[in-house]
Amino acid sequence: MYVQLRHAYEMFIATCLYADIELPVACAILICLFALQHYGTHKVGFLFAPIVCIWLLCISAIGLYNIIHWDHHVYRALSPYYMYQFLKKTQTGGWMSLGGILLCVTGSEAMYADLGHFSQSSIQIAFISVVYPALVLAYMGQAAFISQHHNFESSYHIGFYVSVPESLRWPVLVIAILAAVVGSQAIITGTFSIIKQCSSLSCFPGVKLVHTSSTVHGQIYIPEINWMLMVLCLAVTIGFRDTKHLANAQGLAVITVMLVTTCLMSLVIVLCWNKSIFLAIGFLLFFGTIEVLYFSASLVKFHEGAWVPITLSFIFMVVMCVWHYGTIKKYEFDVQNKVSVNWLLNLGPSLGIVRVRGIGLIHTELMSGIPAIFSHFVTNLPAFHQVLVFLCVKSVPVPHVQPEDRFLVGRIGPKEYRLYRVIVRYGYRDVQKDDLEFEKELVSNIAEFIRSSGECDKNGFVEDTDRPSDKLSPVSTGIPLWEEDGDLDASASPHKDIDAQNIAPKRKKARFMIPKSAQVDSEVRRELQELMDAREAGMSFILGHSYMKAKSGSSFIKRIVINFYEFLRKNSRSPSYAANIPHASTLEVGMVYQV
């Protein structure tokens, strides 16, 4: 009796010490893992392949050892017949055990979360030829060990490490921790990819995307999502303090993903592959029946940790639905209230207002047409700049955009209106220039467009400016723009120049340097002169801020959704170009959208 009590006391102390160490170590590993994410997968990924290969080789060797040493007839368990006999004999107990059996496949789906980093064929080959055989050998080895060892002090001792030879347990534990980190890395990067796709589809608020690789477009880092995941992981780890509850939560999450994927796959078979609907129904019934069986078994453990993924999924679904609804309503308002070119033509060259000196740079997301914020500004203020530029900044899915392909310039309305549209394209690894360099480059490219369009008109190619959609032309190299303080010395350059008017002695003066071989007519010269005068007067950045508000008489739910959307929009990431705009030259125009 004394020996038994002493043994029980030692087990209790060991359990307490283990629990005290396990939680801090797990939290420290999580913090280190998320803290390394900003370096990118390409910098820390060189360790992933050796760790995974060593882990798969380790569990394969241990599984093969247990099969040979304990029960080499265990291979018969691969037959579905024994699964049927097991469920038939155990009935309800066997059905409830499916939730634990599901954990045998969790983790392998993390490979397919990395489709942004590897090709589809490479993942399929690796899974079929390496990962799947290693998992089968590992679980067959555990089954062979358990078949010869039925007496365990508790159910928690029935696990992988019990079947590992005692001399190898600590090295295997270290390898297992490293392999778990690699698997978690795949899930984290997969989450980044999913959030990026949702943002592209207007289903998630704007976040900061950091591309960590110059060659692989899928390797990204999202700081907000990274730290949010870290907080959630730490909260779940500290809150549960039990791997059983974590396993239940993971099992329900994985089988839900599998079930949703099967349903969507049946639609892909019919809509994308144009196959027979009977093939899709057969696919859905075969795989869906198996997954529904596992899903129902996992729901039984809803109160034992499985409620966590359901709750988080519901919260994120609400955020995505609200954001998508608000974005659609805002887009519909923009389309319905977009200003037509005919309305602009009816205003006349002065746009019905006083044109003051300077360049007005209006930021817009529209690549064609005139935004409603412009008409709102024109109808409420009596003056506008003599040169107006509708600027649209776009990010394209390539590492770098060559300078000759960066600018697309077009004209809105007749020439005397002095309205231009400029689309600037940046790659995800391009660094946007500061405001002064960008202003000079922008004006230079507009000047080159004016000169080249003048040559086209002279050669008989006249653009139809009355069309609703303005034509954009790529500008390879802008006209060099010299800016100096004080008077300019025209004799210092071998090129032909167009002098700016001396308006203010201390104002920065600008001059376009046009080659002598270029033939510039009087109309183009006058337009370039006006552009230089506007550049000397200064450039103002006009940003449109829209505020959505539900119409009077709207339902209570609609008002709640619109207000929540506005809360998300105000606290989400603004466009990247807004950070480079000088605040001293910025004018924000607010407009209320009644939806």
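Everything in this summary refers to the structure shown in the same document. (Residues numbered from 1 in each chain as written. Predicted model: local features only at pLDDT ≥ 70, side-chain atom pairs only at ≥ 80, totals over all residues. Heavy atoms only, no water.)

Re the overall build of the chain
Item 1. For the chain, the count of helices and strands is 17 helices and 12 strands.
Item 2. A sequence separation of at least 24 residues applies to 76% of the contacts in the chain between residues at least 6 apart. (Helix = DSSP H or I, 4+ residues; strand = E, 2+ residues; numbered from the N terminus. Contact = heavy atoms within 4.5 Å.)

Points about the packing of helix H9 (residues 223–240) against helix H12 (residues 307–336)
Item 1. It is the contact of H9 with H12, at a shortest axis distance of 12 Å, that shows an interaxial angle of 150 degrees. Taken together, H9 and H12 sit at an angle that is classed as roughly antiparallel. The handedness of the crossing between H9 and H12 is right-handed. Between H9 and H12, the residues in contact are Met228, Leu232, Val236 and Phe240 and Trp307, Val308, Leu312 and Phe316, respectively.
Item 2. Each residue belonging to the contact of H9 with H12 can be placed in one class, and the counts come to 8 nonpolar, no polar and no charged. (Axes fitted to C-alpha atoms, helices over the stretch in contact; angles between N-to-C directions. Parallel < 35°, antiparallel > 145°, perpendicular 65-115°, else oblique. Left-handed = near helix turned anticlockwise from the far one by under 90°. Nonpolar A, V, L, I, M, F, W, Y, C, P; charged D, E, K, R; others polar.)

Digging into unusual backbone geometry
Item 1. One non-glycine residue, Asn274, lies in positive phi territory at about 55 degrees.
Item 2. Counting through the fold element by element, Asn274 comes out in the loop between helix H10 (243–271) and helix H11 (277–299).
Item 3. By relative accessible area, Asn274 is classed as exposed at 62%.
Item 4. Not every positive phi belongs to a glycine, and Arg418 is a case in point at roughly 60 degrees.
Item 5. With respect to the helices and strands, Arg418 occurs in the loop between strand S5 (407–411) and strand S6 (419–427). (Buried < 20%, exposed > 50% of the residue type's maximum accessible area, 1.4 Å probe, protein only.)

Here's the deal with the packing of aromatic side chains
Item 1. This structure, assessed with the given rule, holds 9 aromatic pairs.
Item 2. Their ring planes at 85 degrees and their centres at 5.9 Å tell us that Phe192 and Tyr221 sit as a pair that is edge-to-face. Of the two residues, Phe192 sits in helix H8 (residues 169–200) while Tyr221 sits in strand S2 (residues 220–221), which places them 29 residues apart along the sequence.
Item 3. A relative accessible area of 1% places Phe192 in the buried class.
Item 4. You can call Tyr221 buried: its relative accessible area is 6%.
Item 5. Ring geometry for Phe283 against Phe287: centres 4.9 Å apart, planes inclined by 45 degrees, an arrangement best described as tilted. Note that Phe283 and Phe287 are positioned in helix H11 at a spacing of 4 residues, about one turn of the helix.
Item 6. The class for Phe283 is partly exposed, based on a relative accessible area of 24%. (Phe/Tyr/Trp six-rings, centres within 6.5 Å; stacked < 30°, edge-to-face > 60°.)

Let's talk about the pattern of salt bridges
Item 1. In this structure the tally under the stated criterion is 6 salt bridges.
Item 2. A salt bridge links Glu527 to Arg411; the shortest N-O distance between them is 2.7 Å. Residue Glu527 is found in helix H16 (residues 522–537), and its partner Arg411 is found in strand S5; the two are separated by 116 residues along the sequence. Like Glu527, the residue Arg411 is buried in the burial classification. (Salt bridge = Lys/Arg side-chain N within 4 Å of Asp/Glu carboxyl O.)

Some thoughts on the packing of H8 against H9
Item 1. Put simply, H8 and H9 touch, their axes get as near as 10 Å, and they point 130 degrees apart. Here H8 is positioned oblique relative to H9, judged by the angle of their axes. Handedness of the crossing formed by H8 with H9: right-handed. For the pair formed by H8 and H9, the contact residues are Ile188, Thr191, Phe192 and Ile195 on the first element and Ile225, Asn226 and Leu229 on the second.
Item 2. When its residues are assigned to classes, the contact of H8 with H9 shows 5 nonpolar, 2 polar and no charged.

A short note on the pairing of strand S4 (residues 383–396)
Item 1. Across the 14 residues that make up S4, a large majority, 10, are buried.
Item 2. Bridge count between strand S3 (residues 354–363) and S4: 8 bridges; the pairing is parallel. In the strand pairing of S4, His363 is matched with Leu391.
Item 3. Taken together, the 9 bridges between S4 and S6 define a ladder with parallel strand orientation. (Pairing = 2+ DSSP bridges.)

Comments concerning the side chain of Ser60
Item 1. One can find Ser60 in helix H3 (residues 48–69).
Item 2. With residues up to four places along the chain from it excluded, the contact list for Ser60 reads Ala134 and Leu137.

A few points about a nonpolar patch on the surface
Item 1. Together, Ile21, Val25, Ile29 and Ile177 make up a nonpolar patch on the protein surface, roughly 310 Å² of accessible area in all.
Item 2. Examining the composition of the nonpolar patch, we find that 3 residues originate from one element, helix H1 (residues 2–35), more than from any other.
Item 3. Position of Val25 among the secondary structure elements: in helix H1. (Patch = residues over 30% accessible without salt bridge, like charges linked within 9 Å, V, L, I, M, F, W, Y side chains within 5 Å. Areas by Shrake-Rupley, 256 points an atom, 1.4 Å probe, with all protein chains shown as cover.)

A closer look at the sheet that holds strand S11 (residues 539–549)
The strands making up a sheet are joined through hydrogen bonds of the backbone, oriented either antiparallel or parallel.
Item 1. Pairing within the open sheet is mixed, and its 7 strands lie in the order S7-S5-S6-S4-S3-S11-S12. Two strands close off the open sheet at either side, each with one partner strand: strand S7 (472–475) and strand S12 (586–594). On average, each strand axis in the sheet is inclined to that of its neighbour by 30 degrees, with strand direction left out of account.
Item 2. Alignment of S11 against S12, held across 9 bridges, turns out to be parallel.

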